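Summary of structural features
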Amino acid sequence: MTHTAELIAVGTELLLGNIANTDAQMLSQGLSALGINVYYHTVVGDNPGRLRAAVELAKSRADLIVTTGGLGPTCDDLTKNVLAACFGKKLVHNPEAEARCRAFFQKIGREMTANNAQQFYLPEGSTVFQNDWGTAPGCAFEAEGVHVLMLPGPPRECSAMFRYRAAPYLRSLADGAIVSRTLKLFGIGESEMENQLREQMNAMTNPTLAPYAKEGECELRITAKAPTEAEARALIAPVEARLREQFGEKIYGADVSSLEEVVLERLKERGLTLGSAESCTGGLIAKRMTDLPGASAVFRGGVVSYATPVKHTVLGVPEAMLDAYGAVSAPVARAMAQGARRTLGSDLAVSTTGVAGPDSDERGNPVGLVYVALSAPEGTCVRELHAGTSRERVRTMAAHNAFDLVRRYLNGTLREKLS
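Residues numbered from 1 in each chain as written. Predicted model: local features only at pLDDT ≥ 70, side-chain atom pairs only at ≥ 80, totals over all residues. Heavy atoms only, no water.

1. Quick look at the UniProt feature "domain: MoaB/Mog" (unreviewed entry) in the protein chain
Taking the UniProt record as the reference, the feature "domain: MoaB/Mog" (unreviewed entry) is found at residues 6–172. Across residues 6–172, the secondary structure splits into 42% helix and 23% strand, with the terminal C-alpha atoms separated by 19 Å. (UniProt positions renumbered as here; feature names shortened; annotations may be inferred. Helix = DSSP H or I, 4+ residues; strand = E, 2+ residues; numbered from the N terminus.)

What follows is the structure in C-alpha cells.
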C-alpha cells in the first residue's frame, strides 16, 4: 500500500516568519525516500481550534499525518492534546518518559519544573519514540484508518527522531521493502537532465526515477519496492548502471551529501592534502571542507585573499600580473592556486577569483565571471565560469567547481589541461 501523507507544523513562530520551517523540507525528502507521497504541507499557530480544524481536514485527505512541534512543557505546547481529542483518545501517563526526563535534568544539574510533567502523557495505545536528543518524546498511533506520528519541532531533534525512530516505524508498515538510491550529478542542468530522461521516466513503474534540482547540481532518486530489501536493491542496480553509462563523470556519487564529502574521501584514499586561496568565495570552500568530520586529515587551510594586495603579499601573485590582467583573470587564478599550494604546503590547492556582484568590477568584468584554478604536482589548470547574476549563486557555483576540479583530478578524468 502506498501511503499519502500530510505534514502539519505547529508553531506561531513559523507563521510569523521568525524561524524557517526546515523540518518540512527534511521530512518531505525522508518520506519520499520511503516511497510515501507527501501531498500537503500545513502550518498552523499555537491555537487549539485552528489546529483541530487542520487535523480534521488532514484526516479527510491523507492516511498518514506527521506533526512537528508542540510537544514541549509550555502552555502553548498543545499538539498531543488536540491530536488525542481529534481521534477520541485519552492521554495516559508514560513512566519511562518521566524517568528519562528526570534523569536528563539530574544530569545537567537543574531542577525539573512542574510544567515538564505534561511531557510524560501520551495518547493511549501509542508507540513511543524515545528522544535521545531532547526531553519531549515523540509517538505514533493508528486510528480511524490514519497513522499519526508526532515529532518534536527543534530541527536537530526532529531530524534525528525521524531518522532513528519514525523511519523504522514507517518501514514496518510497508507491505514489503521500499529502497531508494540517490545519484548526485554536477555539470548538467535540471532541464537538460529531465529532457534526456523523460521518456525513460514515464515508462518506469518499479523502480521509479525522480529528478530533483539543488543549487548548482541535480539528483536522481531511484526507488524500488519488492518483498525484501535485497530484491528491491536488485531492481535498482540495472537502472543505476544505465544512468552511470549515460551521464558518466557527471555523476559524482551515490547516497552522498555533497561534492566536498566525495573530495574528502578521495583525498584520504590517496593520502593527499588540499589547500585553498579564495577571493570571491570569501572562505566558503574552507568552510565547506571543515564542516566535515575528519577534514583535519587532509585540509591544510585556506587564504581569504579578498583584497588585491593580499594576493601579492600572502600568495605571491606578481604585482605586474595584477596590473596587466586584473584580479579577475585566468593568470591570477593560476598564480593564486600555485601560491596557496606553496604557502600552505599542500599537495593540491584550489583558487577562486571573480565578480560576485551586484556591480561589475573596475575593469568592466561582468557579474558572474569567475576563474577557478587547481594546482597539482603535474601543473595547474584554470576553468572559466559564467555563473549568473545572483551573488549567492556565483559564490556557490565557484565553490562547486573548485571541488569538481579536485574530484576529477583525483579520478583521473580532468578535462582541463595541467600546465
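Still to come is the rest of the account.
2. Let's talk about the state of the cysteines
One pass over the structure, following the stated rule, counts 0 disulfides. For the unlinked cysteine C101, the closest cysteine sulfur is that of C139, found at 15 Å. (Disulfide = S-S within 2.5 Å.)

3. Let's talk about the packing of helix 7 (residues 190–203) against helix 8 (residues 229–247)
Packed helix pairs are characterised by how far apart their axes lie and by the angle those axes make with each other. Where helix 7 contacts helix 8, the axes come no closer than 13 Å and their chain directions differ by 145 degrees. Helix 7 and helix 8 meet at a crossing whose hand is right-handed. Two secondary-structure elements touch here, helix 7 through M193, Q196, L197 and Q200 and helix 8 through R242, L243, Q246 and F247. (Axes fitted to C-alpha atoms, helices over the stretch in contact; angles between N-to-C directions. Left-handed = near helix turned anticlockwise from the far one by under 90°. Contact = heavy atoms within 4.5 Å.)

4. Considering the sheet that holds strand 8 (residues 146–151)
Read across the open sheet, the 6 strands follow the order 2-1-3-8-7-6; overall the sheet is mixed. The open sheet terminates on both sides in strands that have one partner only, identified here as strand 2 (37–44) and strand 6 (127–129). Averaged over all pairs of adjacent strands, the angle between strand axes in this sheet comes to 20 degrees, irrespective of strand direction. Alignment of strand 1 (residues 4–10) against strand 3 (residues 64–68), held across 5 bridges, turns out to be parallel. (Pairing = 2+ DSSP bridges.)

5. So, the sheet that holds strand 13 (residues 274–278)
Taking strand neighbours across the sheet as the criterion, the 5 strands line up as 14-13-15-16-17 in an open arrangement whose pairing is mixed. Pairing within the sheet leaves two strands with one partner each, and these edge strands are strand 14 (299–304) and strand 17 (379–386). Taken pair by pair, the neighbouring strands of this sheet meet at an average axis angle of 15 degrees, ignoring direction. Sheet topology places strand 16 (residues 369–376) next to strand 17; 8 bridges connect them, and they run antiparallel. Across the sheet, the residue bridging to L369 is H386, located in strand 17. Sitting on the sheet, helix 13 (residues 330–344) touches strand 13, strand 14, strand 15 (348–354), strand 16 and strand 17, and the angle it makes with strand 15 is about 145 degrees.

6. Concerning the nonpolar core
Formed by 39 residues in total, the largest nonpolar core has its most connected members in L267, L274, L348, L374 and V406. If one sorts the elements of this core by residue count, helix 14 (residues 391–411) sits on top with 10 residues. (Core = buried A, V, L, I, M, F, W, Y, C linked by side-chain atoms within 4.5 Å. Buried < 20%, exposed > 50% of the residue type's maximum accessible area, 1.4 Å probe, protein only.)

7. Considerations on the packing of helix 2 (residues 22–33) against helix 6 (residues 155–173)
In contact at an axis separation of 10 Å, helix 2 and helix 6 are set at 25 degrees when each is read in the N-to-C sense. Classified by the angle between their axes, helix 2 and helix 6 sit roughly parallel to one another. Relative to helix 6, the crossing made by helix 2 is right-handed. Of the residues in helix 6, those in contact with T22, D23, M26, L27, G30 and L31 of helix 2 are P155, C158, S159, F162 and L170. A per-class count over the contact of helix 2 with helix 6 returns 7 nonpolar, 3 polar and 1 charged. (Parallel < 35°, antiparallel > 145°, perpendicular 65-115°, else oblique. Nonpolar A, V, L, I, M, F, W, Y, C, P; charged D, E, K, R; others polar.)

8. Remarks on the pairing of strand 15
Of all 7 residues making up strand 15, 7 are buried, and the element is well covered by its neighbours. Residues of strand 15 alternate between two faces, with L348, V350, T352 and G354 on one and A349, S351 and T353 on the opposite face, all of them buried. Relative to strand 15, strand 13 is paired through 5 bridges, and the arrangement is parallel. Counted as the bridge partner of E278 is T352 from strand 15. The pairing of strand 15 with strand 16 spans 6 bridges and is classified as antiparallel. Its bridge partner being in strand 16, T352 is matched across the sheet by V372.

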